[in-house]
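Here are the chains, one letter per residue:
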Amino acid sequence: MKKVGILVGREKTFPEALIRNINERGKGSVAAELITLGGIRHDAPPAYDLVIDRISHEVPFYRATLKRMALEGAIIMNNPFWWSADDKFFNYSLALKLGVAVPKTVLLPQKDYIAGITSESLRNLEFPLNWQAIIDYVGLPAFLKPFDGGGWKNVSKINSPEELIAEYDQTGTLCMTLQEAIDFDQFVRCYCIGQQEVMIMPYDPRKAYLSGEQYINDPNYLAPELSSRVVNDVRTLCSALGYDINTVEFAIKDGVPYAIDFMNPAPDAELQSVGAFYHEWVTEAVTNLVFKRLSETAERPRYRWDAFLNPAPVRIEAAASPQPAGQTIEPKAPTKKKTSVKSRSAGRKDQAKEASG
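Fair warning: this is a prediction, and the values are worked out from it, not measured in the lab.

Rules behind the numbers
Residues numbered from 1 in each chain as written. Predicted model: local features only at pLDDT ≥ 70, side-chain atom pairs only at ≥ 80, totals over all residues. Heavy atoms only, no water. Pairing = 2+ DSSP bridges. Helix = DSSP H or I, 4+ residues; strand = E, 2+ residues; numbered from the N terminus. Axes fitted to C-alpha atoms, helices over the stretch in contact; angles between N-to-C directions. Expected span 1.5 Å × (residues − 1). Buried < 20%, exposed > 50% of the residue type's maximum accessible area, 1.4 Å probe, protein only. Contact = heavy atoms within 4.5 Å. Polar contact = N/O pair within 3.5 Å; in protein donor to acceptor, adjacent residues only side chain to side chain. Lys, Arg positive; Asp, Glu negative; His and termini not counted. Salt bridge = Lys/Arg side-chain N within 4 Å of Asp/Glu carboxyl O. Phe/Tyr/Trp six-rings, centres within 6.5 Å; stacked < 30°, edge-to-face > 60°. Lys NZ or Arg CZ within 6 Å of the ring centre and 35° of its normal. Core = buried A, V, L, I, M, F, W, Y, C linked by side-chain atoms within 4.5 Å.

A. Summary view of the sheet that holds strand β10 (residues 197-202). Here 4 strands make up an open sheet; going across it, the order is β10-β9-β11-β12 and the pairing antiparallel. Of all strands in the sheet, those bounded by a partner on one side alone are β10 and β12 (256-261). Within this sheet the neighbouring strands show an average axis-to-axis angle of 30°, counted without direction. Here 6 bridges tie strand β9 (residues 186-193) to β10, and the two strands are oriented antiparallel to one another. Bridging across to β10, Ile193 finds its partner in Glu197.

B. Molecular detail of the sheet that holds strand β1 (residues 2-7). Judged by pairing direction, the sheet is parallel, and its 4 strands sit side by side in the order β2-β1-β3-β4 without closing on themselves. Of all strands in the sheet, those with a lone pairing partner are β2 (30-34) and β4 (75-77), marking the two edges. Taken over all neighbouring pairs, the strand axes of this sheet differ in orientation by 20° on average, direction set aside. Bridge analysis of β1 against strand β3 (residues 50-53) gives 4 bridges, and the strand direction is parallel.

C. Layout of helix α7 (residues 224-241). Here α7 is 18 residues long and its end C-alpha atoms lie 26 Å apart, about the 26 Å a rise of 1.5 Å per residue gives. Residues Leu226, Ser227, Val230, Val231, Asp233, Val234, Arg235, Leu237, Cys238, Ser239 and Leu241 constitute the buried set of α7. Residues of α7 that are buried make contact with α3 (80-85), α4 (88-98), β9, β10, β11 (245-253) and β12. Looking one or two residues past α7, Gly242 carries a phi angle of roughly 80°, positive in sign.

D. Inspection of the side chain of Asn78 at higher detail. Relative to the assigned elements, Asn78 resides in the loop between β4 and α3. When its relative accessible area of 0% is taken as the criterion, Asn78 is described as buried. Within polar-contact distance, the side chain of Asn78 engages the backbone oxygen of Pro265 at 2.9 Å. Excluding anything up to four places from it in sequence, Asn78 contacts Asp53, Tyr243, Asp244, Ile245 and Pro265.

E. Here's a closer look at the side chain of Asp53. The residue Asp53 is located in strand β3 in this model. One buried charged residue, Asp53, forms no salt bridge at all, with the nearest opposite charge on Arg63 at 4.4 Å. Within the structure, Asp53 has its side chain in polar contact with the side chain of Ser56 (distance 2.5 Å). Setting aside residues no more than four positions away along its own chain, Asp53 makes contact with Leu7, Arg63, Leu66, Met77, Asn78, Trp83 and Pro265.

F. Spotlight on the packing of aromatic side chains. If you walk through the whole model with that rule in mind, you get 9 aromatic pairs. When the centroid spacing of 5.8 Å and the interplanar angle of 50° are considered together, the rings of Phe187 and Tyr203 count as tilted. Here Phe187, found in strand β9, pairs with Tyr203, found in the loop between β10 and α7; they are 16 residues apart in sequence, far enough to count as distant. Here the aromatic residues Phe184, Phe187, Tyr203, Tyr215, Phe277 and Tyr278 are joined through ring pairs into a cluster of three or more. Lying over the aromatic face of Tyr137, Lys104 brings its terminal NZ or CZ to 5.6 Å of the ring centre. One Lys or Arg, Arg189, reaches over the ring of Tyr203 and ends 4.4 Å from the middle of that ring.

G. How the structure looks around the pairing of β3. What you see with β3 is no split at all: Leu50 and Ile52 on one side and Val51 and Asp53 on the other are buried throughout. Across 3 bridges, β3 lies against β4 in parallel orientation. Paired with Leu50 across the strands is Ile75, a residue of β4.

H. The nonpolar core, seen in detail. Of all hydrophobic cores here, the largest spans 35 residues; its most connected members are Val4, Ile52, Tyr191, Val286 and Val290. At the level of elements, β1, α1 (13-26), β2, β3, β9, β10, β11 and α9 (276-295) are the ones that each hand at least two residues to this core. The biggest single contributor to this core is α9, with 9 residues. Residue contacts for Val286: discarding those within four places in its chain leaves Phe14, Leu18, Ile52, Ile193 and Ile245. Among the nonpolar cores identified, the runner-up in size contains 25 residues, and Val231, Val234, Phe262 and Met263 belong to it.

Functional significance is not addressed by these values, which are geometric in nature.
Spelled out as structure tokens, the structure:
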């Protein structure tokens, strides 16, 4: 029997649905459960054949444990080595190389530094920083946000040079980016599972989290040509980044989809947040991916750091899905079971206040 472990944070309905789906389909040959971890021996074999990671980006103990499991041959989704090396500023630069539109973005030196870093340590930094040149390039309004953060934490909308300096002075040791604000006509968040299956979700980041108004099930939200481009860009980005589970957000202005966020390897899939249709779509898509990965022949291990990165990306023809709004897997009928969900972090609530970030 093959075992699947689920590593989770505060979410409830998605891991529960995933475990139920995997166990029903596995019929005793594949079993899924929540993982329980204690002290991890450096020579212990993994207890699971495959692990779905939803929280290690916030818990270093979990991240180190997953790397150990990968070393012993366990399949980890998403690959912890990719995620450890990634950051959003690199992603914006990579997107340009791939032909994906992104807003103008500038990486900023940190405001403060850890103990032991002195002025001599920073002799390579320009001082004072040419703020006017940065503003002239990015434009205002803009968004100040961490170069590798998530969950809308520490994100500020900047409307003036004075606001930029005031907000920057509060960032401490965080490394930040200043990014052009796209005054969008349309906005979508796209699930991408297995670097191939894409679900385009019309999404309004100005609505409050858990308001029931953020996600809209509208299969005609994007024109066919624009839908095709979005699907192609999603697959291109996720293939290049190596993520098996991810979301890509686009702020669409004058027919151009600008990718503003595509490092979301533990994307929200809670029933109360995304709604029954999208919740069940992503549950089914991830379940399919689990069984696909378990059926693949394992490669002989090579004990080099780079060997633990994902294998060759999925290569596909970039074309719009025949299903509505980029849908590639048909979800089950929505359930009627009532479910309560704990609130996300306060930083997430910034979505209700700002247009994009």
